[in-house]
Amino acid sequence: MATINKNFEKLASGYLFPEIARRTASWQKDNPGIEIMRLGIGNTTEALPPAVCAAMHEKIEALSERSTYSGYGDEQGDTYLREALVAYYGRYGVELDPTEFFVSDGAKSDAANLQDIFGKDNVVAIQDPAYPVYVDSNVVAGRTGLFDKESGRYNGFVYLKSNEENGFIPSPPDEKVDLIYLCSPNNPTGSVATKEQLKAFVDYAIRNKSVIIFDSAYSEYITEEGYPRSIYEVEGAEKCAIEINSFSKFSGFTGVRLGWTIVPKALECEDAPSGVLNALWNRRQCTFFNGASNIAQAGGFAALSGDGYAQSRALVDYYMENARIIGEGLKKVGLTVYGGVNSPYIWAKTPNNMPSWAFFDLLLDTCHVVVTPGSGFGPAGEGFVRVSSYGHRENVIQAMASIEENLAI
Ligand SMILES: *Cc1c(COP(=O)(O)O)cnc(C)c1O
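Notes on the structure in this doc start here. Since we're looking at a predicted model, the values are computed, not measured. Throughout this document, residue positions are counted from 1 along each chain, in the order its sequence is written. Where local features are concerned, this predicted model is filtered to residues with pLDDT of at least 70; where side-chain atom pairs are given and counted, the filter is 80 or more; whole-chain, interface and lining totals use all residues. Water and hydrogen atoms were dropped before computing side-chain values, which therefore reflect all heavy atoms in the structure.

Things to note about the site of the ligand
Working step 1: Taken together, 14 residues lie around the ligand, and Asp215, Tyr218, Ser246, Ser248 and Lys249 are the ones closest in.
Working step 2: Under this definition, polar contacts are N or O atom pairs within 3.5 Å; protein pairs additionally need one hydrogen-donor-capable and one acceptor-capable atom, and for neighbouring residues in sequence, both atoms have to be side-chain atoms. Ser248 is positioned with one of its side-chain polar atoms (N or O) 2.6 Å from an oxygen atom of the ligand.
Working step 3: Protein burial of the ligand: of its 390 Å² of free accessible surface, 94% is covered by the chains.
Working step 4: In terms of residue class, the shell around the ligand is made up of six nonpolar, four polar and four charged. Definition of nearness: a residue and a molecule or strand are near each other if at least one heavy atom of the residue lies within 4 Å of the molecule or strand. Each accessible area value is a Shrake-Rupley result obtained with a 1.4 Å probe; residue values ignore everything except the protein chains displayed when judging cover. Amino acids are sorted into nonpolar (Ala, Val, Leu, Ile, Met, Phe, Trp, Tyr, Cys and Pro), charged (Asp, Glu, Lys and Arg) and polar (every other residue, Gly among them).

This is how it looks when you write it as structure tokens:
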């Protein structure tokens with residue numbers, strides 16, 4: 001008699017983006033022929049860098065010949081790519097070893113899978129609001145009680161509130177927690193942590209033998225000087241932090257699929273001296289994963305240096321110009337906005353304390369623009385919407401013109 005994993009029944013509601021799609025489709029049905037402008041989902045829209053495409057074409061050529069064909073590669077990723085990643089981190093003064101890198105099909109699955117190597121009774125701290133996979137993967141794994149509708153929170157998690165008062169970067173918790181998820185530059189709030197702010201978490205983690213899971217998927221979007229791009233720029237972080245990152249937002253690989261996770265050899269926790277967590281993640285990947293696509297890896301390698309890097313940087317600059325246009329436009333209509341400077345996301349306060357979903361509906365109804373309700377990322381996101389700069393420039397300009405013309409607040 002098979003039974004299901006009952007933890008799935010704890011999940012609060014349908015995933016945020018299907019609900020946005022449902023409301024948008026329903027509105028479109030009632031308003032046929034009106035063009036909807038989408039600044040909602042964080043999905044890249046511009047073409048892949050030419051150097052990346054050339055490298056992937058070349059790999060396909062190699063695969064099409066028996067003499068140069070290759071099948072399964074190393075589960076951890078091809079050595080040449082891991083060495084290139086070591087060099088990439090070297091630019092920021094971070095010294096790592098190829099055996100500390102685990103190339104994957106993306107940061108989202110790694111973010112979900114990493115909890116596999118930790119005990120069920122670990123207490124998990126998450127930023128509120130947060131990228132949903134950190135929350136949902138731990139709910140499904142059984143690390144929480146039930147969802148409390150009143151507070152919008154799961155029993156058992158420790159929520160680190162990100163709000164206007166703390167500039168959307170929380171401090172470490174007062175109580176002892178075991179796993180801490182941090183994302184900087186942050187999705188959804190667009191905030192970025194300083195070295196001092198990260199150091200507070202690293203010091204906390206070392207003191208409490210906790211492990212930080214640091215998501216730096218937007219590190220290439222940091223435009224201002226002085227912000228760390230990797231948590232390993234903070235002294236001691238190699239003892240207490242795992243870092244995940246991805247080619248998705250940096251080089252347009254959202255559909256190609258390629259990411260990486262760093263589990264340092266020096267990483268330790270309560271019952272695991274240095275080396276053990278690295279070996280556990282290696283064991284987990286070798287058992288459950290057969291390696292990332294070799295075509296994607298050839299593309300990723302090209303994105304890390306030379307023309308491929310310059311072209312990837314240009315892609316980031318393109319989205320950041322969109323972010324500037326959105327930020328300016330929203331300010332012009334009188335909204336209070338955060339983010340958008342070191343991140344592709346603008347975190348806008350709703351007018352007159354309007355709930356997130358009400359403002360979502362208002363923007364859709366009157367301006368025909370789709371954004372993401374902040375409350376979908378956690379209770380502290382209530383009263384905000386996330387505006388994404390992923391879109392063609394002409395669409396972004398059109399959407400902002402519509403907001404400037406039609407939004408009455
Ligand atoms: C987009 C995004 C990722 C990237 O996920 P992939 O699976 O590599 O595409 C990771 N973390 C955050 C916070 C993101 O927004």
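Section: the packing of helix α1 (residues 16–30) against helix α11 (residues 356–367)
Working step 1: The axes used here are C-alpha line fits, helices contributing only the stretch in contact, and every angle between their N-to-C directions lies in the interval 0 to 180 degrees. Working definition: helices are DSSP H or I runs of at least four residues, strands are E runs of at least two. Numbering for both runs from the N terminus. For the pair α1 and α11, interaxial distance at closest approach is 11 Å and the crossing angle is 35°. Crossing geometry of α1 relative to α11 is assigned as right-handed. Mapping the contact onto sequence places Leu16, Glu19, Ile20, Arg23, Thr24 and Trp27 in α1 and Trp357, Phe360, Asp361, Leu364 and Asp365 in α11.
Working step 2: A class-by-class count of the residues in the contact of α1 with α11 yields six nonpolar, one polar and four charged. In this scheme, a crossing is called left-handed if the near helix is turned counterclockwise away from the far one by less than a right angle; it is called right-handed if the turn is clockwise. When checking whether two residues touch, look at their non-hydrogen atoms; a contact exists if any pair is within 4.5 Å.

Here we look at the sheet that holds strand β10 (residues 259–262)
Working step 1: Overall, mixed pairing links the seven strands, which are arranged β2-β10-β9-β8-β7-β3-β6 in an open sheet. Both edges of this open sheet fall to β2 (101–104) and β6 (158–161), since each of them pairs with a single strand only. Each neighbouring strand pair of the sheet contributes to a mean axis angle of 20°, computed without reference to strand direction.
Working step 2: DSSP calls a pair of strands paired once it identifies at least 2 bridges connecting them. Taken together, the four bridges between strand β9 (residues 241–246) and β10 define a ladder with antiparallel strand orientation. Bridge pairing links Glu243 to Ile262 in β10.

Here's the deal with the nonpolar core
Working step 1: For the purposes of this section, nonpolar cores are sets of buried Ala, Val, Leu, Ile, Met, Phe, Trp, Tyr and Cys residues that join through side-chain atoms within 4.5 Å. Relative accessible area decides the class of each residue, using a 1.4 Å probe on protein chains only: under 20% of the type maximum gives buried, over 50% gives exposed, and in between gives partly exposed. Grouped together as the largest cluster of nonpolar side chains are 91 residues, with contacts concentrated most on Ile180, Ile212, Ile231, Phe247, Leu330 and Ile403.
Working step 2: Counting residues per element, this core draws most heavily on helix α10 (residues 306–332), at nine residues.
Working step 3: Summarising the domain contributions, this core has at least three residues from each of domain 1 (7–47 + 308–406) and domain 2 (52–306).
Working step 4: Leave out the neighbours within four places in its chain, and Ile403 touches Leu330, Val333, Leu363, Cys367 and Val369.
Working step 5: Counting 30 residues, the second largest nonpolar core, distinct from the first, contains Phe118, Ile126, Leu267 and Ala272. The source of the domain bounds is an automatic or database domain assignment.

Looking at the sheet that holds strand β14 (residues 372–373)
Working step 1: Ordered in space as β11-β12-β15-β14, the four strands form an open sheet in which the pairing is antiparallel. Edge positions in the sheet fall to β11 (337–339) and β14, since each has one partner strand and no second.
Working step 2: As defined by bridge partners, β11 adjoins strand β12 (residues 345–349) across three bridges and the pair is classed as antiparallel. Paired with Tyr338 across the strands is Trp347, a residue of β12.

Focus on the environment of Lys108
Working step 1: Looking at the secondary structure, you find Lys108 in helix α4 (residues 107–113).
Working step 2: Sequence separation of Lys108 and Ser219 is 111 residues, and the distance between their C-alpha atoms is 15 Å.

Focus on unusual backbone geometry
Working step 1: A cis amide bond links Asp128 with the next residue in sequence, Pro129, at an omega value of 5°.
Working step 2: Of note, the bond from Asn187 into Pro188 is cis; its omega dihedral lies within 30 degrees of zero at 20°.
Working step 3: For Pro188, the position within the fold is in the loop between β7 (179–183) and α6 (195–208).
Working step 4: The phi dihedral of Arg257 is positive, around 80°, even though this residue is not glycine.
Working step 5: Tracing the chain through its elements places Arg257 in the loop between α7 (248–251) and β10.
Working step 6: On the basis of relative accessibility, which here comes to 32%, the residue Arg257 falls in the partly exposed class.
Working step 7: The phi torsion at Asn352 lies on the positive side, around 50°, for a residue other than glycine.
Working step 8: Topologically, Asn352 is positioned in the loop between β12 and α11.

Structural notes on the pairing of strand β15 (residues 384–388)
Working step 1: Of all the five residues making up β15, five are buried; the element is thus mostly covered by neighbouring parts of the structure.
Working step 2: Alternating positions in β15 separate into two faces, Phe384, Arg386 and Ser388 on one and Val385 and Val387 on the other, with burial throughout.
Working step 3: The pairing of β14 with β15 spans two bridges and is antiparallel. Within β15, the position partnered with Pro373 by the bridge is Val385.

A closer look at the packing of α10 against helix α12 (residues 393–406)
Working step 1: The N-to-C vectors of α10 and α12 enclose an angle of 5°; their axes lie 10 Å apart at closest approach. In terms of orientation, α10 and α12 fall into the roughly parallel class. Contacts from Tyr318, Glu321, Asn322, Ile325, Ile326, Gly329, Leu330 and Lys332 in α10 reach Arg393, Val396, Ile397, Met400, Ile403 and Glu404 in α12. Orientation categories follow fixed angle ranges, with anything under 35 degrees roughly parallel, anything over 145 roughly antiparallel, 65 to 115 roughly perpendicular, and all other angles oblique.

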